[in-house]
Amino acid sequence: MRSLGAGFWIALLLAAAGFLVVPSLIASAPVEPVMGFVQKIFYFHVPCAIMLFLSTFVCAGGSIAFLFKGSERGDRLAVAAAELSVLFGVCVLTSGPLWGRKAWGVWWQWDARLTSSLLLFLMMVGYLIARRYGGPAGRKLSAALALFAAINVPLVYKSVDIWRTVHPQTTVVPKLDPRMRPAFWSAFVLMTLVWALLLTIRVRLERARTELAALRLDADELAEERQ
Amino acid sequence: MTRTTTTTMTATWKRIRTAALAVIALVSWSGAALAQQFEKVENLPRQEVPAGRFVAIAYGIIWLAVLAYIVIVAAGIKRVNQEIADLKRKVDRHGPKA
């Protein structure tokens, strides 16, 4: 297995620095007057949602490369990104209800944003299930599912503008209080770095698995030759 | 001729009666709704939702999930690397005699 590149270690150092800086920036950001202290969930809830979207797009990109060009590299990238979609989906769908319980008085509302986000998450879970249990066609089935999930992403994003929902609209980030921006953008950069690091190590694992499978084939052939 | 007129009249009266009943039902429904008044409820226990705890739980879940994922992937890399090393050793040991 090839060693990790310099980019990985730089990203790791930056992420470590981010873990020291971001909490203090979030703590020093002003408390939102309407929702109060619970609004601080926003600083990681929104970056997690963006990482969910990004992972789904990367998964779809890898799946397209696999489906139409037979790229094994694309397939490895797709499965790594699909797992990250599920991971960040869990983060979004747990931090959101905690925020909602305080802000709306309920854990969950079947409104357009929440429901479409849940559907996106379930589609990515479906990707992993189809891949694992779909048999020989599992990889192609899951790759096709990833394309539908990617189509769902713009719908999830615009759902708050198209339908009347309890969820804040897409204008929240552009209209953010300037005193809250350093905390939000630093949290976003930190989350992006963490995402990139996770994707790198997960792709590495997939590459190692491919190498192991090839070695097993070689070992089997060798055993047959010896018999 | 007389019979036809009587039949038409009966049908018309039936329609009028149905419409009148519908109007009465609607008006009485609205009247009942208007008659209802909000009753002020006092001394209800105020529900305090602890914001600080929710923020801590949300951040905790996010970072625990990320950490758990790192541990799982790292364990997977370690296991696969170990298997690769074992297999390479086996192939080298039992490889074809040159």
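Residues numbered from 1 in each chain as written. Chains lettered and ligands numbered in written order. Predicted model: local features only at pLDDT ≥ 70, side-chain atom pairs only at ≥ 80, totals over all residues.

What about the overall build of chain A?
Scanning chain A from terminus to terminus reveals 6 helices and 0 strands. The helix and strand sequence of chain A, counted from the amino end, reads α-α-α-α-α-α. Across the 227 residues in chain A, those meeting the buried criterion constitute 39%. Intrachain contacts of chain A at a sequence separation of at least 6 include 76% that bridge at least 24 residues. (Helix = DSSP H or I, 4+ residues; strand = E, 2+ residues; numbered from the N terminus. Buried ≥ 20, exposed ≤ 12 C-beta atoms within 10 Å, placed from the backbone. Contact = placed C-beta atoms within 7 Å.)

What about the environment of V58(A)?
Residue and element names in this part refer to chain A. The residue V58 is located in helix 2 (residues 42-69) in this model. Since 21 C-beta atoms lie within 10 Å of it, V58 is described here as buried. Sequence spacing of V58 and A82 is 24 residues, and the spatial spacing of their C-alpha atoms is 8.3 Å.

Details of the interface of chain B and chain A
Contacts between chain B and chain A engage 26 residues on the former and 33 residues on the latter. For the side of chain B that touches chain A, a count of residues per class yields 19 nonpolar, 4 polar and 3 charged. (Nonpolar A, V, L, I, M, F, W, Y, C, P; charged D, E, K, R; others polar.)

A few points about the packing of helix 6 (residues 181-226) of chain A against helix 2 (residues 51-94) of chain B
It is the contact of helix 6 of chain A with helix 2 of chain B, at a shortest axis distance of 9 Å, that shows an interaxial angle of 25 degrees. Between helix 6 of chain A and helix 2 of chain B, the angle is such that the two are roughly parallel. Every pair of crossing elements has a handedness; the one defined by helix 6 of chain A and helix 2 of chain B is left-handed. Here the residues of the contact of helix 6 of chain A with helix 2 of chain B are counted per class, giving 17 nonpolar, 2 polar and 9 charged. (Axes fitted to C-alpha atoms, helices over the stretch in contact; angles between N-to-C directions. Parallel < 35°, antiparallel > 145°, perpendicular 65-115°, else oblique. Left-handed = near helix turned anticlockwise from the far one by under 90°.)

Section: the packing of helix 2 of chain A against helix 6 of chain A
Angle between the axes and distance between the axes are the two parameters that describe a pair of packed helices. Residue and element names in this part refer to chain A. Where helix 2 meets helix 6, the axes come as close as 9 Å, and the angle between the chain directions of the two elements is 40 degrees. As summarised for this structure, helix 2 and helix 6 are arranged oblique, according to the angle between their axes. Once helix 2 is placed against helix 6, the crossing between them reads as right-handed. Taking contact as the criterion, the partners of Y43, F44, P47, C48, I50, M51 and L54 in helix 2 are, on helix 6, A183, F184, A187, F188, M191 and W195. For the contact of helix 2 with helix 6, the residue count by class is 13 nonpolar, no polar and no charged.

Regarding the confidence of the model for chain A
In this model, chain A carries an average pLDDT of 91, and 98% of its residues clear a pLDDT of 70 or more. Here helix 1 (residues 6-28) of chain A is the element of chain A with the lowest mean pLDDT, 83, and helix 2 of chain A is the one with the highest, 96. (pLDDT = per-residue confidence, 0-100.)

A few points about helix 3 (residues 72-103) of chain A
All names here are of chain A. The terminal C-alpha atoms of helix 3, which comprises 32 residues, lie 46 Å apart, in line with the 46 Å expected from a rise of 1.5 Å per residue. Of all 32 residues making up helix 3, 24 are buried, and the element is well covered by its neighbours. Looking at the residues trailing helix 3, positive phi occurs at G105, about 90 degrees. (Expected span 1.5 Å × (residues − 1).)

Things to note about the nonpolar core
Counting 63 residues, the largest nonpolar core has C48(A), A78(A), A146(A), A149(A) and A187(A) as the members making the most contacts within it. Secondary structure elements with two or more residues in this core: helix 1, helix 2, helix 3, helix 4 (112-133), helix 5 (138-162) and helix 6 of chain A together with helix 2 of chain B. Apart from residues lying up to four places away in sequence, A187(A) is in contact with V22(A), I26(A), Y43(A), F44(A) and P47(A). (Core = buried A, V, L, I, M, F, W, Y, C linked by C-beta atoms within 7 Å.)

A look at helix 1 of chain A
Taking 1.5 Å as the rise per residue, helix 1 of chain A with 23 residues should run 33 Å; its terminal C-alpha atoms sit 33 Å apart, in good agreement. A maximum bend of about 30 degrees is found in helix 1 of chain A at F19(A), where proline P23(A) lies one to four positions downstream. (Bend = angle between axes of the 7 residues up to and from the residue.)

Side note on the environment of K140(A)
All names here are of chain A. With respect to the helices and strands, the residue K140 is situated in helix 5. Residue classification places K140 among the partly exposed positions, given that 16 C-beta atoms sit within 10 Å. Considering only alpha carbons, one finds K140 and F66, 74 residues apart in sequence, at a separation of 8.1 Å.

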